[in-house]
Amino acid sequence: MKKDLVIIGGGPAGLAAAAAAREAGVEDLVVLERDQRLGGILNQCIHNGFGLHTFKEELTGPEYAGRYIEKAAALGISCRLNTMVVDLAAEGSVKKVTVMNREEGLYEIRARAVILAMGCRERPRGALNIPGYRPAGIYTAGTAQRYVNMEGRMPGREVVVLGSGDIGLIMARRMTLEGAKVKLVAELMPYSGGLKRNIVQCLDDFGIPLKLSHTVVDIKGKERVESVTVAQVDEDSKPIPGTEEEVACDTLLLSCGLIPENELSESLGTAMNPATGGPLVDESLETDREGVFACGNVLHVHDLVDYVSEEAASAGRNAAAYLQGRLAEKGREIPIRAENGVRYTVPASIDIGRMGETQTVRFRVSGMFRDAAVEVACGGQVLKHIDRRVLAPGEMEQIILKKSELEKTAQAGDPKEISVCVRT
């Protein structure tokens, strides 16, 4: 089978990318989704707060996904459900996508371009090295969310949450609303990993304590969780002797970060960013493999789905431009260096000749900063200096660079890099 464009993933990123590519003139495309329905993780996110940027109204996760599902149907986009991509390889300019489903078995799609939109997954308990037995009652927060919101099953009645990621905060509230007692949320870092609004709406409004610089050091119970031991940690994240506190509970929810689903990216041999766990991309969201683009949480973990859709639409338009011969050939890429409190940037480089009139650069900081500024420099010239009262790791930041400013800098010399940093 041959296709011009294959989009791997039918969540908000894949659907937004597909819609943008179709609207840009790509007719021969297909979305491959391993689940039985489109929408991805949004199907289990029944709380509201989605769509304020994209649709200027507050939607639940399924409602937000539904907008893009309806749009894909209206545009006549082919979507194959229950279809797993098991391998991705390149043969010259052709991308070989190996696919499997029940109806057709194992087969191959030869594509001219591919958009990676596989999303992300939660870190499992095994990655956390918590000692103790393996009793029932230990779940990732996302698994618990699916049980409660989609299957009508309560994981437990007395709950401790480890990690203050957004899903963990939201599930602390959800479990409380369903009648459970959430004893506390423990966070290893001295700051929360979630959005400020979720800390307020999910914890403060329900009187759920958040213990920063704390972690779970032991789990008791053989058949079922009976209690967990929580301890304070030092600057090196090591438990401090004498600070242990045993908390009776029957359920431990793990909300300890998300990991981009990049097994396929790695099988293709794309260059990866160690800070994000996703591919390195340029200003067009193209990887170092020609004709392979990436967007959404497979690229870097976002805090708002609105930004996922915005980024994915850009990837869809750029993939269309590539297929139609409108995407300029790669020239000199200027690397973007993240330093002084900035963990990473997306994109990781910019080709001034290929970029549009403006370029959005998204990034996260490595710690809490107050009364600071984000500074962007190129060729010894400061392009941006934006004062910020608070910068936090849980909030994704973005800056917009102008092509005219970068061209002016390039005319004045030969810029070796663009730097993005925090000034305090």
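Look up a bit, the structure's there.
Along each chain, the written sequence defines residue order, and numbers are assigned to residues from 1. Per-residue local features of the predicted model are confined to residues with pLDDT of at least 70, and side-chain atom pairs are confined, for both listing and counting, to 80 or more; whole-chain, interface and lining totals are unaffected and use all residues. The side-chain quantities take in all heavy atoms of the structure and omit both hydrogens and water.

S.K.: I'm lost on the overall build of the chain in this one. Help?
M.R.: Helix and strand assignments come from DSSP, with helices taken as H or I runs of at least 4 residues and strands as E runs of at least 2, each series counted from the N terminus. Secondary structure assignment for the chain yields 8 helices and 27 strands. Each radius of gyration reported is based on C-alpha atoms, and the globular scaling rule is 2.2 Å times the count of residues to the power 0.38. In terms of C-alpha radius of gyration, the chain reaches 22 Å, essentially the compact-globule figure of 22 Å for 424 residues. By principal-axis analysis of the C-alpha atoms, the chain measures approximately 65 × 60 × 40 Å. Throughout, exposure labels follow a simple rule: accessible area from a 1.4 Å probe, protein chains only, divided by the maximum for the residue type, with under 20% read as buried, over 50% as exposed, and the rest as partly exposed. By residue count, 54% of the 424 residues in the chain fall in the buried class. The contact criterion used throughout is that any non-hydrogen atoms of two residues lie within 4.5 Å. Intrachain contacts of the chain at a sequence separation of at least 6 include 62% that bridge at least 24 residues. We get accessible surface area from the Shrake-Rupley algorithm with a probe of 1.4 Å; when it comes to residues, only the shown protein chains can shield them. Surface summary for the chain: the accessible area is close to 18600 Å², and the carbon and sulfur share equals 47%.

S.K.: Help me understand the sheet that holds strand β16 (residues 245-248) in this model?
M.R.: Strands pair in a sheet through their backbones, by hydrogen bonds, and they do so in one of two ways: parallel or antiparallel. Across the sheet, 3 strands lie side by side as β14-β15-β16; this open sheet has antiparallel pairing. Since the sheet does not close on itself, it has two edges, and those belong to β14 (214-220) and β16, each with one partner. Averaged over all pairs of adjacent strands, the angle between strand axes in this sheet comes to 30 degrees, irrespective of strand direction. Between any two strands, pairing holds if DSSP finds at least two bridges. Examined bridge by bridge, β14 and strand β15 (residues 227-232) share 6 bridges and lie antiparallel to one another. Bridging across to β15, Val216 finds its partner in Val230. Here, axes are lines fitted to C-alpha atoms. For helices the fit covers the stretch in contact, and angles between N-to-C directions go from 0 to 180 degrees.

S.K.: So what exactly am I meant to see when it comes to the packing of helix α1 (residues 12-23) against helix α7 (residues 305-323) here?
M.R.: Axis separation between α1 and α7 bottoms out at 7 Å; the angle between their running directions is 40 degrees. Relative to α7, the element α1 lies oblique. Here the hand of the crossing between α1 and α7 comes out right-handed. For the pair formed by α1 and α7, the contact residues are Pro12, Ala13, Ala16, Ala17, Ala20 and Ala21 on the first element and Val305, Val308, Ser309, Ala312, Ala313, Gly316, Arg317 and Ala320 on the second. Among the residues forming the contact of α1 with α7, the class breakdown is 11 nonpolar, 2 polar and 1 charged. Angles are sorted into four bins: roughly parallel if under 35 degrees, roughly antiparallel if over 145, roughly perpendicular if 65 to 115, and oblique for all others. Each crossing gets its hand from how the near helix is turned against the far one by less than a right angle, where anticlockwise is left-handed and clockwise is right-handed. Each residue is assigned to one class: nonpolar for Ala, Val, Leu, Ile, Met, Phe, Trp, Tyr, Cys and Pro, charged for Asp, Glu, Lys and Arg, and polar for all the others, Gly among them.

S.K.: So what exactly am I meant to see when it comes to the side chain of Gln44 here?
M.R.: Inspection of the secondary structure assignment puts Gln44 in the loop between β2 (29-32) and β3 (48-50). Accessibility expressed as a relative area gives 6% for Gln44, which makes it buried. Those residues in contact with Gln44, other than ones at most four positions away along the chain, are Gly142, Gln145, Arg146, Asn149 and Met150.

S.K.: Sorry if this is basic, but what is going on with the pairing of strand β25 (residues 381-391) here?
M.R.: Residues in a regular strand point their side chains to alternate faces of the sheet. Pairing of strand β24 (residues 369-378) with β25, which is carried by 9 bridges, proceeds in the antiparallel orientation. The residue bridging Phe369 from the neighbouring strand is Leu391, located in β25. The hairpin turn running from β24 into β25, its antiparallel successor, is 2 residues long, and Gly379 in that turn takes a positive phi close to 60 degrees.

S.K.: What is the right way to read helix α2 (residues 61-74) from this model?
M.R.: In an α-helix there are 3.6 residues to a turn, and that puts residues three or four apart on one side. The end-to-end C-alpha separation of α2 is 20 Å, in line with the 20 Å expected for 14 residues at 1.5 Å each. Contact partners of the buried residues in α2: α1, β3, β4 (59-60) and α7. Gly76 sits one or two positions beyond α2 and adopts a positive phi of about 70 degrees. Expected span, for any helix, means 1.5 Å times one less than how many residues it has.

S.K.: Would you explain the environment of Arg157 in this entry?
M.R.: Tracing the chain through its elements places Arg157 in the loop between α3 (141-150) and β11 (158-162). With a relative accessible area of 46%, Arg157 lands in the partly exposed category. Here the alpha-carbon distance between Arg157 and Val182, two residues 25 residues apart in the chain, equals 8.1 Å. With near-sequence residues (within four places) excluded, Arg157 lies in contact with Glu178, Gly179, Ala180, Lys181, Asp250 and Thr251.

S.K.: For this particular structure, what's the right way to read the pairing of strand β1 (residues 2-8)?
M.R.: Burial analysis of β1 places 5 of its 7 residues in the buried class, the great majority of the element. Two elements, β1 and strand β8 (residues 105-116), share 6 bridges in a ladder whose sense is parallel. Paired with Val6 across the strands is Val114, a residue of β8. Alignment of β1 against β2, held across 4 bridges, turns out to be parallel. Within β2, the position partnered with Leu5 by the bridge is Leu29. The β-α-β motif built from β1, the intervening α1 and the parallel element β2 has right-handed crossover chirality. Handedness is read with the strands pointing away from the viewer; a crossover is right-handed when the path from the first strand over the helix to the second is clockwise.

S.K.: Got a minute to help me understand the sheet that holds strand β20 (residues 334-339) in this structure?
M.R.: Strand order in the open sheet made by the 5 strands is β22-β20-β27-β24-β25, with mixed pairing throughout. With partners counted over all chains shown, the strands left at the sheet margins are β22 (349-350) and β25, one partner each. The pairing of β24 with strand β27 (residues 418-423) spans 6 bridges and is classified as antiparallel. Within β27, the residue paired with Val374 across the bridge is Val422. Set on the sheet, helix α8 (residues 403-412) makes contact with β22, β24, β25 and β27; between it and β25 the angle comes to about 135 degrees.

S.K.: Explanation requested: the environment of Val31 in the structure shown.
M.R.: Within the secondary structure, Val31 is located in strand β2. Beyond its immediate chain neighbours, meaning those up to four positions away, Val31 contacts Ile7, Gly9, Gly10, Ala18, Ile77, Ser78, Cys79 and Arg80.

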